[in-house]
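Letter by letter, the chains look like this.
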Amino acid sequence: METVQTAKAHGGTLGVYRHASTATGTDMTFSVYLPPQAEAGAKLPVLYYLSGLTCTHANVTDKGEYRRACAELGVILVAPDTSPRGEGVADDAAGAYDFGLGAGFYVNATTPHFSKHYRMWDYIADELPALIAANFPIDPARAGITGHSMGGHGALTLGLTYPDRFRSLSAFAPIVAPGQVPWGHKALGGYLGDDRAAWRAHDAVALIEDGKRPAGDILVDQGEADNFLAEQLRPELLRNAADKAGIALTLRMQPGYDHSYNFISTFMEDHIRWHAARL
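I will try to describe carefully the structure that is included in this document. Keep in mind that this is a model prediction, so the values were computed, not measured. (Residues numbered from 1 in each chain as written. Predicted model: local features only at pLDDT ≥ 70, side-chain atom pairs only at ≥ 80, totals over all residues. Heavy atoms only, no water.)

Details of the overall build of the protein
Then, in step 1: Helix and strand counts for the protein come out as ten helices and nine strands.
Then, in step 2: In terms of overall size, the protein behaves like a compact globule, its C-alpha atoms giving a radius of gyration of 17 Å where 279 residues would be expected to give roughly 19 Å.
Then, in step 3: By residue count, 59% of the 279 residues in the protein fall in the buried class.
Then, in step 4: In the protein, once contacts between residues fewer than 6 apart in sequence are set aside, the share between residues at least 24 apart is 72%.
Then, in step 5: For the protein, the exposed area adds up to about 10,600 Å²; of that, 48% sits on carbon and sulfur atoms.
Then, in step 6: Each charge class in the protein was averaged separately, 23 positive and 31 negative side chains, and the resulting centres sit 4 Å apart. (Helix = DSSP H or I, 4+ residues; strand = E, 2+ residues; numbered from the N terminus. Rg over C-alpha atoms; globule rule 2.2 N^0.38 Å. Buried < 20%, exposed > 50% of the residue type's maximum accessible area, 1.4 Å probe, protein only. Contact = heavy atoms within 4.5 Å. Areas by Shrake-Rupley, 256 points an atom, 1.4 Å probe, with all protein chains shown as cover. Lys, Arg positive; Asp, Glu negative; His and termini not counted. Charge placed at Lys NZ, Arg CZ, Asp CG, Glu CD.)

Printed below as a string of structure tokens:
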């Protein structure tokens, strides 16, 4: 693991790191915020934040406004990239923003053009947590996961699939049912092929219908002025699935907020506190 840069922030340390990933076969970059409590040698809870379409680790690192709350509460935050990158990594043929580079969708691709490198599911579920545990003072039994948009989709599917690994779960404007919306049709079809039965393992609503349950309750914030709300996000589908399954879901529709980091940064502290209380 290579240290790219570090800086002092709110009494703790924000670092950017790079390593050669066995899951993706590429170098992967991520950021870690260590609160000041880490200097005392204690094992701390960790929160993984998964970003959305077009993003790298840098978007939330620069604009997420999480450091003050993490410093106060003693939470480590880890922000990985959204896809493999580098020479030889396949991209969308038309260079579209919603597929390929910057749009790994947190799945293990099985289609020939993408299966070599696009293995973000294994990277987030297994490789990155092991790397973090080996190099930072985390308590692996106190890990939570959150994310935005495509990353909210990833957080929900990983949290539902591995409730033993991710003890707390939240999301900002997540794609809750990719099997029912255009973004998901393109991504899941492109990465996993045409067999829609294979898509269900990467669809939060389908996972709930198929019996998956989180470790506890779920928090979702969604802006009512989000221009992707009606066509791509459809939070009502998650609310209906959670109600039928008896899952405690707090779905907060936030008037006037859009899909941007203006929205995310406004409610980030609420999410940090939510996770800290459960971890």
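Things to note about helix α4 (residues 150-161)
Residues three or four positions apart in an α-helix share a direction because the helix packs 3.6 residues into each turn.
Then, in step 1: When the terminal C-alpha atoms of α4 are compared, their 17 Å separation across twelve residues agrees well with the 16 Å that a helix rising 1.5 Å per residue should span.
Then, in step 2: Of all twelve residues in α4, eleven are buried, a share of seventy percent or more.
Then, in step 3: Of the positions making up α4, those classed as buried are Met150, Gly151, Gly152, His153, Gly154, Ala155, Leu156, Thr157, Leu158, Gly159 and Leu160. (Expected span 1.5 Å × (residues − 1).)

A word on the environment of Gly12
Then, in step 1: By secondary structure assignment, the location of Gly12 is in strand β2 (residues 12-20).
Then, in step 2: Overall, the relative accessible area of 1% leaves Gly12 in the buried class.
Then, in step 3: Every residue in contact with Gly12, bar those within four places of it in the chain, is listed here: Ala7, Tyr33, Leu34, Pro35 and Pro36.

What to know about helix α9 (residues 235-245)
Then, in step 1: Those residues of α9 that sit buried are Pro235, Leu237, Leu238, Ala241 and Ala242. For α9, the angular spread of the buried residues around the axis is 155°, confining them to a single face. Of the residues in α9, the exposed ones pointing more than 90 degrees away from the buried face are Asp243 and Lys244.
Then, in step 2: Tucked into the core, α9 has its buried residues touching α4, α7 (204-209), β8 (218-223), α8 (229-233) and β9 (249-254). (Arc of directions from axis to C-beta.)

Here's the deal with the nonpolar core
Then, in step 1: Counting 90 residues, the largest nonpolar core has Phe30, Tyr48 and Tyr191 as its most contacted members.
Then, in step 2: Broken down by element, the residue count for this core peaks at eight residues, all from helix α3 (residues 120-135).
Then, in step 3: In contact with Tyr48, other than residues within four places in its own chain, are Val78, Leu128, Pro129, Ile132, Ile138, Ala143, Gly144, Ile145, Thr146 and Phe166. (Core = buried A, V, L, I, M, F, W, Y, C linked by side-chain atoms within 4.5 Å.)

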